[in-house]
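Residues per chain, in single letters:
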Amino acid sequence: MNSLKRSQMSVCHSYSKCESILGLFFLNLFGIVFSQCGGSTQSLTANQAIQYFTSVGYNNGAGTYSSNIDCQWIIDSGVANYKVIVYLKNYNIACSGDNINIYDGNNISGTVLKSNVCGTGTSDKIVTSTGQYLTLRFTSDAVNQSVGFEAAYFSATDLSGTGCTAEQTLTPTTSAQYVTSPSFPSLYDVSSNCRWVLTVPAGRVQVEIVYSDIESSANCAFDSLEIYDGDYVCENTKLAAFCARFPNGATGSYISNGTSFLLKFKSDGSVSYTGYLIKYTQVEEDVSVNPVTSSDDTERDYDQLMLGIGIGCACGATGALLLVFVVTFFKSKCRSPKIVSPRVKTVEPMNGGPHMRTPSVNGSVDSSDSVTHSRNGFIRRPLTTSRRSSMVDGKSNGFLP
């Protein structure tokens, strides 16, 4: 009998030990659930790089959240004069009794910025705090759980500087710096005409469009952000024009051919959105990028070389080489970001306000031409009525042909 009791005690002792170990394992594994979904909150610190967080169990969109949870995240911009921007990248929330609510401030007693979000969506529900903090709360009931959500967040403030009153020169370094649309992350100003020259003494300039939300229109006729390869406005060095609503707004990086980029932003007299956030840095000279050269240029170079060879056969090698040298020299002059055309900062003056127009019913005009490029590095656009009204000395939009 004593032997049996000792055996039972041993089994019970071993079971309690195993139970304790398993309990600690699952407590550590699901600690995130208990910490932010059990009455307390999780704190996140934003910066100017986009970061992400998800509901518990999201599993890249293949999971399921639990029932009867109450999860809260407090997002801190980290700086008193910076605001927090949050948007739901993906969400699939059962509408039977589960929802997301977003509050201004660091608790759920603040002003409700977005309420009772449920159903499905992709990259919408953009919310901006009025101060340093923003709180997101996710609750579920006892039935009909779904996938959950993935949210993105970053901090923001107006870093437009003086570029919307006069052309502003900025000096990139190897450390990241930022420039924004006027009044960012609030709605940008109407009738804006802004320019920033990003220039380095050596090396090249890299710009990265982190976020953009600009009114859509055909050929970017109303509002637009433009990038020029050089330090002045010239149609031949325009790399791209951007005009699309978030989440279809442009993102990506550009590297200059020379030591400068020019950023130009314009808006007309009505309808505005949150604008853009751009990161800029200095990069080394050996970065191999030539965004202005196209395959058409290569074909023309080949044709000119063959022409030179043909003339050489008839007139001698010296004449052919001279011809090829002259053609190549003038082509390089036209292709250089610094000397592609006469300096034309005065062709489109800073105080030349954009044209007015009647806003559409929904505040924007949808268009697939949100980012316009061309193979030779500049943009050709039809002469619309609004462009005819902005002719300057016979030059469309103030640009030289």
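In this text the structure is predicted, and so the values were computed from the model without any measurement.

Q: Provide a residue-level description of the overall build of the protein, including the pertinent values.
A: Counting its regular elements, the protein contains five helices and 19 strands. Across the 401 residues of the protein, 44% fall into the buried class. Restricting to contacts in the protein with at least 6 residues of sequence separation, those with at least 24 account for 82%. Accessible surface computed for the protein: about 19700 Å², of which carbon and sulfur atoms make up 56%.

Q: A description of the nonpolar core should follow, citing residues and the corresponding values.
A: Of all hydrophobic cores here, the largest spans 29 residues; its most connected members are Trp-196, Leu-198, Val-207 and Ile-227. Of all elements in the fold, only strand S12 (193–199), strand S13 (204–213), strand S14 (224–228), strand S15 (238–242), strand S17 (260–266) and strand S18 (275–283) reach the threshold of two or more residues within this core. Per-element accounting of this core gives the leading share, four residues, to S15. Ignoring any residue separated from it by four or fewer positions in sequence, one finds Trp-196 in contact with Ser-160, Gly-163, Cys-164, Gln-168, Leu-170, Val-179, Thr-180, Phe-261, Leu-262, Leu-263, Phe-265 and Tyr-276. Counting residues in hydrophobic clusters, the runner-up holds 26 residues, among them Leu-44, Ile-69, Val-117 and Phe-138.

Q: Tell me about the sheet that holds strand S3 (residues 70–76), and please be specific about residues and values.
A: Strand order in the open sheet formed by five strands is S1-S3-S8-S5-S6, with mixed pairing between adjacent strands. The open sheet has two free edges, formed respectively by strand S1 (42–45) and strand S6 (112–117), since each of these has just one partner strand. Taking each pair of neighbouring strands and ignoring which way they run, the sheet shows an average axis angle of 15 degrees. Inspection of the sheet shows S3 paired to strand S8 (residues 133–139) by seven bridges, in the antiparallel sense. Across the sheet, the residue bridging to Asp-76 is Tyr-133, located in S8.

Q: Explain the packing of aromatic side chains residue by residue, including any values.
A: Applying the stated criterion to the full structure yields 13 aromatic pairs. An angle of 90 degrees between the planes, with centres 4.9 Å apart, marks the rings of Tyr-65 and Phe-138 as edge-to-face. With a gap of 73 residues between them, Tyr-65 in the loop between strand S2 (51–54) and S3 and Phe-138 in strand S8 connect regions that are remote in the sequence. With relative accessibility at 2%, the residue Tyr-65 sits in the buried group. Aromatic side chains Tyr-188 and Phe-265 sit 5.1 Å apart centroid to centroid with 80 degrees between the ring planes, which places their arrangement in the edge-to-face category. Pair noted here: Tyr-188 is in the loop between strand S11 (177–180) and S12 and Phe-265 is in strand S17, with a separation of 77 residues, a long-range link. Assigned by exposure class, Tyr-188 and Phe-265 land together as buried. Cluster of aromatic residues (ring-pair linked, three or more members): Phe-53, Tyr-65, Trp-73, Phe-138, Phe-149 and Tyr-153. Across the ring face of Tyr-273, the terminal group of Arg-245 is positioned such that the distance to the ring centre comes to 3.6 Å.

Q: Please give an account of the state of the cysteines that cites residues and values.
A: The full count for this structure, using the stated rule, is three disulfides. Here Cys-164 pairs with Cys-194 through a disulfide, and the sulfurs are 2.1 Å apart. One quick way to see it: the torsion about the S-S bond of Cys-164 and Cys-194 is about 100 degrees, and its sign makes the bridge right-handed. Here Cys-164 is found in the loop between strand S9 (148–156) and strand S10 (168–170), whereas its partner Cys-194 is found in strand S12, with 30 residues between them in sequence. Taking relative accessible area as the criterion, Cys-194 reaches 0% and is therefore assigned buried. Here Cys-220 connects covalently by a disulfide to Cys-243, the sulfurs 2.1 Å from one another.

Q: Please provide a residue-by-residue account of the sheet that holds strand S16 (residues 252–255), values included.
A: With antiparallel pairing, four strands are arranged side by side in an open sheet as S11-S18-S13-S16. Sheet topology places S11 and S16 at the edges, where each strand pairs with a single neighbour. Strand-to-strand twist of the sheet, defined as the mean angle between neighbouring strand axes without regard to direction, takes the value 25 degrees. Two strands pair when backbone bridges link them, and S13 and S18 are joined in this way by nine bridges, in the antiparallel orientation. Its bridge partner being in S18, Ser-212 is matched across the sheet by Tyr-276.

Q: Describe unusual backbone geometry, and please don't skip the residues or the numbers.
A: A negative phi holds for most residues other than glycine; trans holds for most peptide bonds. In this structure, Pro-185 follows Phe-184 across a cis peptide bond, with omega equal to 5 degrees. If you check the backbone angles, Asn-144 has positive phi at about 55 degrees while not being a glycine. Topologically, Asn-144 is positioned in the loop between S8 and S9. Look at Val-271: it is not a glycine, yet its phi comes out positive at around 70 degrees. Relative to the helices and strands, Val-271 resides in the loop between S17 and S18.

The rules behind each value
- Residues numbered from 1 in each chain as written.
- Predicted model: local features only at pLDDT ≥ 70, side-chain atom pairs only at ≥ 80, totals over all residues.
- Heavy atoms only, no water.
- Helix = DSSP H or I, 4+ residues; strand = E, 2+ residues; numbered from the N terminus.
- Buried < 20%, exposed > 50% of the residue type's maximum accessible area, 1.4 Å probe, protein only.
- Contact = heavy atoms within 4.5 Å.
- Areas by Shrake-Rupley, 256 points an atom, 1.4 Å probe, with all protein chains shown as cover.
- Core = buried A, V, L, I, M, F, W, Y, C linked by side-chain atoms within 4.5 Å.
- Pairing = 2+ DSSP bridges.
- Axes fitted to C-alpha atoms, helices over the stretch in contact; angles between N-to-C directions.
- Phe/Tyr/Trp six-rings, centres within 6.5 Å; stacked < 30°, edge-to-face > 60°.
- Lys NZ or Arg CZ within 6 Å of the ring centre and 35° of its normal.
- Disulfide = S-S within 2.5 Å.

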